[in-house]
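Understanding the architecture of this molecule
So you can see what is in the structure, the chains are spelled out below.
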Amino acid sequence: MTRAIDIQGIRKAFGANAVLEQVDLSLEAGEVLALLGPNGAGKTTLVKILATLLRPSSGGGRVAGFDLLKEPERIRRQVGILGHGSYVYEDLTAQENLRFWATMAGLPADAGALRKALAAVDLEMVAGERARTFSSGMKRRLALARILLGAPRLLLLDEPYAGLDQQGKKWLEEVLLDFRGKGGAVLMATHSFGRGLSIADRVAILAGGRIVLNRPRASLDLEELHRLYALATDDDA
Amino acid sequence: MMFARRAWIVLWKDLLTERRSKESLNALFFFAVLLLFLFEFALGPDRERLTAALPGLLWLGFILAGLLGLGRTFLVERENDCWEGLLLTPGDKGAIYLGKLAVNFLLMAAVAIVLLGLFGIFYNVDLWASLAPLSIVIFLGTVGLASVGTLFGAMTSQVRARELLFPLLLLPVQVPVLLGTVKATEAVLQGLALAEVAHWLKLLAAADLVYLVVGILTFEFVLEA
Amino acid sequence: MTRWLGWLAALGLLAGLAMGFGYAPKDAVQGNVQRIMYVHVPSILTAYLAFALVLIASLGYLFTRRTGWDRLAHSAGEIGVVFTGLTLVSGSIWGKPTWGTWWTWDARLTSTAILFLIYVGYLLLRGMVDDQERGARYAAVVGILGAVNIPIVHFSVLWWRTLHQPPTILSPERAPVSASIGLALLVNGVAFALLFLYLLSKRLALRRLEEEIRA
């Protein structure tokens, strides 16, 4: 089994402002990684680079087994990203949204497949309603349905719990655990020590444009993690 | 095959959105009526003068409407970062360009027909006689405007001074299309055969083709975040 | 290298000036005014050279994503606009005594003016996009479209002015050019090309420095 993520020396600068200095990161298949870091640490930038939305200024590696720089098209077929945007068209219904994205990705878009995907995220009741009427939590679910439709091997989640209520958070965890159980890998970027940690196999901290810690979750208790986090982010300031 | 399906689904999605929001079309029709009145006020009620200037006014109005309408089609992609999603879809991005182009073409063709109809009614021009040749000219002109407009519209939708930059880029490039369509329309309205303006039609067709090819090939680079 | 180019260009321009005023004969009809041609024609040729370079560099950038190509495209675009402007101004000055007006919608003058506007838009675009990498990409697309559009603009404007029958070759009426005029033009053309290369290398060096300071 190839590694889900295996990148070295990623640097990304916007003009003169380097957001990521030197990021090395690896993630095995079937693992959930919680990527912690304060706001502005570059988590979103890193997620976007892994999703091939941004090109690194230098460095490289493999994502889902494919070369980050040379094979972005192949990576895109294997990776699902849930970022700040849900990629939901407000004037289309839930089902129409799925149909659009499935067709764009070259996946089967018959009514049966779409209904099944909507049922998996508990949206089959509102399949025919326009996304404009949805809460932000529902839009996230719809986004997740779109992602899972493509049967990705790696999920990149940027603050996945934002905008979800307690029930939604619990539900998301179940989905992620199920995904991991099938051999999928998850990278979850978050600035809070909230729920994400409980299902994480590994914890990494991004600060000052580098990964300053990457350890199995089991080897850390929460107190120690808080201490290390404070240390890492103070260093940065 | 996949290419055509993708292009089609983009068209389907945008037409559905437009039908539900009715944002662009209603505004553009209203804009066309406004233009008609403005031309009338600017040139006075002298019918002779208006008729002489008609082809120019028609296409000027058309291009002005295009400046408003063409830039808009990519704004819907900015909502919820759909733009990013399009970029991440595997495969040739030219399909997205073609789909968007088809949307813009239909939008602008509708505007052209309305504009033409209004001119016919208000200025008492007999359009029926020259309808067939006129529609060829409109087709060629609309493809020319929409093909560059789609490319530049995608580009400028990501730029701060969008409303400013879009016309600055589009208008000079569109000069050949404006010249060709105005000249051809003039001839057609005078009742001349299309063969008389064959060189203009060929030029328009060549321009359309060149713009289309450049658009399909370079769209990928415009879409990138 | 740059310095040598500069001296060569200066030398060439001096020689060109001498050829234009001393060696080439006075025009029988227009008189001395016609000598502005030795600036006018090399200017537009240099502008075309610059825009061709923009096209090549734009393609180069899109394929390789090397900032070097982008710097080249940007610099060539700027210089091209300057020389197009020079063409328009010299054309106007030439037009006043010969046609009796500063501006006329002559086919070549008009298409040059459109060229000017297209590439001014190209430069404006670069100024308006915040992200440098994105600006480079967009500019490359406009640079390519602008260049392939040149022949289309050329013919459309030509037919627009000549009303009827399209001419068969690029330039409709070319009067036979006498050998001495041709030689004077050639010297000036080479001098302008050298000047272009000098300005280009200067601008490239400056742009590199700008980027170093920003980084």
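What counts and what doesn't
- Along each chain, residue indices are assigned from 1 in the same order as the chain's sequence is written.
- Chains carry letters and ligands carry numbers; both start at the beginning, A for chains and 1 for ligands, and go up in the order they are written.
- pLDDT decides what is reported in this predicted model: residues at 70 or higher carry local features, side-chain atom pairs at 80 or more are listed and counted, and totals for whole chains, interfaces and linings draw on all residues regardless.
- Numbering of helices and strands starts at the N terminus; helices are DSSP runs of H or I of at least 4 residues and strands are runs of E of at least 2.
- Partly exposed residues are those whose C-beta has more than 12 but fewer than 20 other C-beta atoms within 10 Å; 20 or more makes a residue buried and 12 or fewer makes it exposed, with C-beta atoms placed from the backbone.
- We call two residues in contact when the distance between their C-beta atoms, placed using the backbone, is within 7 Å.
- Residue type decides the class: Asp, Glu, Lys and Arg count as charged, Ala, Val, Leu, Ile, Met, Phe, Trp, Tyr, Cys and Pro as nonpolar, and the leftover types, Gly among them, as polar.
- Buried Ala, Val, Leu, Ile, Met, Phe, Trp, Tyr and Cys residues form a nonpolar core when they are connected through C-beta atoms within 7 Å.
- Angles here are taken between N-to-C directions and fall from 0 to 180 degrees, while the axes themselves are lines fitted to C-alpha atoms, restricted in helices to the stretch in contact.
- Note on terminology: angles under 35 degrees are roughly parallel, angles over 145 are roughly antiparallel, angles of 65 to 115 are roughly perpendicular, and the others are oblique.
- Helix crossings get a hand from a simple test, with the near helix turned counterclockwise from the far one by less than a right angle marking a left-handed crossing and a clockwise turn marking a right-handed one.
- When DSSP finds two or more bridges between two strands, those strands count as paired.
- Think of pLDDT as the predictor's per-residue confidence, scored from 0 to 100.

Looking only at helices and strands, chain C features 6 helices and 0 strands. Taking the principal axes of the C-alpha coordinates as reference, chain C spans close to 60 × 45 × 30 Å. Sorting the 215 residues of chain C into buried and exposed places 40% on the buried side. Relative to all contacts within chain C whose residues are 6 or more apart in sequence, the contacts with residues 24 or more apart total 79%.

Now for the interface of chain B and chain C. If you look at the interface, chain B gives 24 residues, while chain C gives 26 residues. Where the side of chain B that touches chain C is concerned, the elements lending two or more residues are helix H7 (162–173), helix H8 (175–189) and helix H9 (198–223) of chain B. Tallying contributions element by element places H9 of chain B first for the side of chain B that touches chain C, with 9 residues. Looking at side-chain class alone, the side of chain B that touches chain C contains 18 nonpolar, 3 polar and 3 charged residues.

Before going further, it helps to spend a moment on the nonpolar core. One finds Leu33, Leu156, Val186 and Leu187 of chain A together with Ala50 of chain C to be the most contacted residues of the largest nonpolar core, which totals 202 residues. In terms of residue count, the dominant contributor to this core is helix H5 (residues 132–162) of chain C (15 residues). Filtering out sequence-adjacent residues up to four positions away, Leu33 of chain A remains in contact with Leu27, Val186, Leu187, Met188, Ala200, Arg202 and Ala204 of chain A.

All names here are of chain C. The contact between helix H2 (residues 37–64) and helix H6 (residues 179–214) brings their axes to 9 Å, and the two run at 45°. Accordingly, the angle class assigned to the pair H2 and H6 is oblique. The crossing of H2 and H6 is right-handed. Between H2 and H6, the contacting residues are Tyr38, Val41, Pro42, Ser43, Leu45, Thr46, Leu49 and Ala50 on the first element and Ala184, Leu185, Asn188, Gly189, Phe192, Ala193 and Phe196 on the second. The residue inventory of the contact of H2 with H6, partitioned by class, reads 11 nonpolar, 4 polar and no charged.

Positive phi, close to 55°, is recorded for Ala64 of chain A, a residue that is not glycine. Examined against the element boundaries, Ala64 of chain A turns out to sit in the loop between strand S4 (58–63) and strand S5 (66–67). Assessed through the 23 C-beta atoms surrounding it within 10 Å, Ala64 of chain A is described here as buried. Even without being a glycine, Arg65 of chain C presents a positive backbone phi close to 60°. One can find Arg65 of chain C in the loop between H2 and helix H3 (67–99). Overall, the presence of 15 C-beta atoms within 10 Å leaves Arg65 of chain C in the partly exposed class.

Okay, the environment of Glu77 of chain B next. Residues and elements named next belong to chain B. Note that Glu77 resides in the loop between helix H3 (47–69) and helix H4 (82–88). In the structure, Glu77 is positioned 80 residues away from Ser157 in sequence and 9.4 Å away in space, judged by C-alpha atoms. If we ignore the near neighbours within four places in the chain, the residues touching Glu77 are Cys82, Trp83 and Leu86.

Residues and elements named next belong to chain A. With 5 of 5 residues buried, strand S3 (residues 32–36) lies mostly within the body of the structure. Because side chains alternate across S3, one face comprises the buried residues Val32, Ala34 and Leu36, and the other comprises Leu33 and Leu35, equally buried. Judged from the 5 bridges that link them, S3 and strand S8 (residues 185–190) form a sheet pairing that is parallel. Among the inter-strand pairings, Leu33 is bridged to a residue of S8, identified as Leu187.

Take helix H3 (residues 94–104) of chain A next. The element H3 of chain A is largely enclosed, with a buried count of 11 among its 11 residues. Looking only at H3 of chain A, the buried set comprises Ala94, Gln95, Glu96, Asn97, Leu98, Arg99, Phe100, Trp101, Ala102, Thr103 and Met104 of chain A. Those residues of H3 of chain A that are buried lie in contact with helix H4 (111–120) and helix H5 (136–149) of chain A together with helix H1 (2–21) and H4 of chain B. Positive backbone phi, approximately 75°, marks Gly106 of chain A, located one or two places after H3 of chain A.

Of the residues in chain A, 98% reach a pLDDT of 70 or more, and the chain-wide mean stands at 86. Ranking the elements of chain A by mean pLDDT puts helix H8 (residues 222–236) of chain A last with 73 and H3 of chain A first with 93.

Attention shifts here to the environment of Ala42 of chain B. Within the secondary structure, Ala42 of chain B sits in helix H2 (residues 23–43). Through-space distance from the C-alpha of Ala42 of chain B to that of Val213 of chain B is 39 Å; in sequence the pair is 171 residues apart.

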